[in-house]
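# Tertiary structure, described
Letter by letter, the chains look like this.
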Amino acid sequence: MRRTDALLLVSGIAYSSFVAAESLPRGVGPEFAKFYGSKATFTCIGNPSIVLKSSQINDNSCDCPDGSDEPGTAACSYLDPLSPEQPLPGSLTGTTNTTNALPGFWCANEGHIGTYVPFMYVNDGVCDYELCCDGSEEFAHVGGVKCENRCAAVGKEWRRLEEERKQSKERSAKRRRTLVKEARELRRRVEVMIANLQEELKRLELKKGELQKKFEEAERSERGKVVKGEGQGGKLGVLLGLAKNRVSELRDTLDKVLDQRDDLQDKVDQLEDILKKLQDEYNPNFNDEGVKAAVKSWENYAAEQASGKGPELADADIMEILKEDSETSGINWAEFQEEGASDADIVYNLEAYLPPFARDYLHEKLNLLRVWLIENGILADNPTSSGESRLVTAAREALEAAKNELSSKTSTLEEEQRDLEKDYGPDDIFRALKGKCVSTDSGEYEYELCWMDRTTQKSKKGHGNTNMGNFVRIDREMADDEERADGKGLGKGQRMVLRYDNGQGCWNGPNRRTDVWLACAETEEVWRVREAEKCVYKMEVGTPAACEDVHEPGVKTKDEL
Ligand code: MAN
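Residues numbered from 1 in each chain as written. Predicted model: local features only at pLDDT ≥ 70, side-chain atom pairs only at ≥ 80, totals over all residues. Heavy atoms only, no water.

### A look at the UniProt feature "coiled-coil region" (unreviewed entry) in the chain
Within this structure's numbering, the places UniProt gives as "coiled-coil region" (unreviewed entry) are residues 169-281 and 392-423. Helix makes up 94% of residues 392-423 and strand makes up 0%, while its end C-alpha atoms are separated by 48 Å. (UniProt positions renumbered as here; feature names shortened; annotations may be inferred. Helix = DSSP H or I, 4+ residues; strand = E, 2+ residues; numbered from the N terminus.)

Set out below in structure tokens:
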């Protein structure tokens, strides 16, 4: 075999049913038949001034400068672009730089595919079955080699492989269609997310505005707070503290006095019992003046008690007074104990001097007046840093939370919008592969490709992972590789190249980078990895994403409708 992959070089000429007419000389291809009639003479194709005898065709002597008189021998093979350069005394130009009018020896390959064979392979004693399966390029009578016709077997095998290739192509196309569908769905989800985020941001903007207002309002009224907490700061505050303590002391004293009263009442009751007993049990027949006088005094006392009782203080009223002050009973001290006032109490505390009905009515106006006085530097601002009210703190925190949510959602929205504009390849297809990885073993490393993310070199000896580059963009470049029999190669033509840049720094060199070349395949597979130059890697990868955009049979595209 001259070239192992020659079979794949078989030209794309249509599957041939062409059978060389009996009259055509050996090696003449169908498109040149018109030059080789059954006339007695032959005109060189590229040099019409040279007319030869028909017998000079294929006489193994190169008579036409363009080689057209030797379609079936190697006599003019020196004109072949593949032949080695050599000065030829017999050539009209003196060099081999003359192109042959014929593309090669036509090998009809009946039962397979006809093709042209380079003239230098003709009659060289070697059967080139990969190109010429019918063996006709060896002329048995001249070179002595007779090549059998293997076209039936070669054609059959070729058709089997062709069928396999076709089916594989269909499977790849199907897989590609699935990827496109997935990508479309993923894109739709991003679009939905963007729409939701936009709605949510509108809502959050409103909420933020409201909270901002609430906060400002709370802060403003904070500035106009009435009286400071007990014992702190202003005169009224001190007075308030003292009053509260005094009330508390009086309540305690009243409590004690009541206890004493109850004790004394017990004693009085006991004494009254003794005297009542004396009144009931003394003997009036004894002339004891002392006892008689005592009984008389008791009777006067008892009569006085029965008639002359003044209004008693009801226990329920006393108990009411003894109850601790709270919002519902006694004095609501908290009402007077708001924080944040300064020594300019008399101005801040105007409401405290007003009756409740006027206090409520004037509160707002007085507040605005205070704020105006503060803002114009007439009144000192209350220090709020040490004692901000719960309301202001809550309003501030709610506003901060809304702002944070707004900013984080805005970043998410921007990120999603950028993502939507990002190049994910034809039909957005790499969207479906994003986040997935493929890898291959190669020597001491395992190489991993993570789609739209990064490439990694993983040491099998436990030396850790090395970043070989982060995804940047999708480019297109021409590949010029021989087709491989297993199909796992780039072949020839324009290919997508994913650039991964700015990986881990190379010792004494630039950062690592990887060019990921893609070719069509049924499944994602890293075929091979090469380090073309130090820390510059080339990955060859098969994926359905790189297959041609074949439409699903029977499904019409928008353009076709
Ligand atoms: C490691 C690997 C190689 C690379 C050298 C450069 O051994 O990443 O691929 O060539 O470092 O020093």
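There's plenty left to go through after this.
### Some words on the sheet that holds strand β10 (residues 513-520)
Spatially, 8 strands are ordered β5-β6-β7-β8-β9-β10-β12-β11 in an open sheet, and the strand pairing comes out mixed. Two strands close off the open sheet at either side, each with one partner strand: β5 (437-442) and β11 (525-533). Across the sheet, the mean angle separating the axes of adjacent strands is 25° when strand polarity is ignored. Pairing geometry for strand β6 (residues 445-450) and strand β7 (residues 454-459), over 6 bridges, is antiparallel. Pairing of E448 across the sheet is with T456, part of β7. (Pairing = 2+ DSSP bridges. Axes fitted to C-alpha atoms, helices over the stretch in contact; angles between N-to-C directions.)

### Description of the site of the ligand
Around the ligand sit Y445, Q457, C506, R512, E531, K534, C535 and Y537, and those are all the residues in its vicinity. Note that an oxygen atom of the ligand is positioned 2.6 Å from one of the side-chain N or O atoms of Q457. Between an oxygen atom of the ligand and a side-chain N or O atom of R512, the distance comes to 2.9 Å. Broken down by class, the residue content of the shell around the ligand amounts to 4 nonpolar, 1 polar and 3 charged. (Near = heavy atom within 4 Å. Polar contact = N/O pair within 3.5 Å; in protein donor to acceptor, adjacent residues only side chain to side chain. Nonpolar A, V, L, I, M, F, W, Y, C, P; charged D, E, K, R; others polar.)

### So, the nonpolar core
In this structure, F430, L449, W451 and L498 are the most contacted members of the largest nonpolar core, which totals 29 residues. Only α2 (151-223), β6, β8 (465-480), β9 (492-501), β10, β11 and β12 (536-543) provide two or more residues apiece to this core. Setting aside anything within four residues of it in sequence, one finds L498 in contact with F430, W451, F471, R473, I474, T514, D515, V516 and L518. Core analysis: the next-biggest nonpolar cluster, separate from the first, contains 21 residues, C64, W106, V117 and V122 among them. (Core = buried A, V, L, I, M, F, W, Y, C linked by side-chain atoms within 4.5 Å. Buried < 20%, exposed > 50% of the residue type's maximum accessible area, 1.4 Å probe, protein only. Contact = heavy atoms within 4.5 Å.)

### Some points on the environment of C76
Looking at where C76 falls in the secondary structure, it is placed in the loop between β2 (51-53) and β3 (105-107). Separated by 12 residues in sequence, C76 and C64 have C-alpha atoms that sit 8.7 Å apart. Not counting residues within four places of it along the chain, the set of residues in contact with C76 comprises C62, G67, D69, E70 and N100.

### A closer look at unusual backbone geometry
One non-glycine residue, N58, lies in the positive phi region at around 55°. Within the element layout of this structure, N58 appears in the loop between β2 and β3. Located in the positive-phi region is N123, a residue other than glycine, with phi close to 55°. Inspection of the secondary structure puts N123 in the loop between β4 (115-117) and α1 (140-143).

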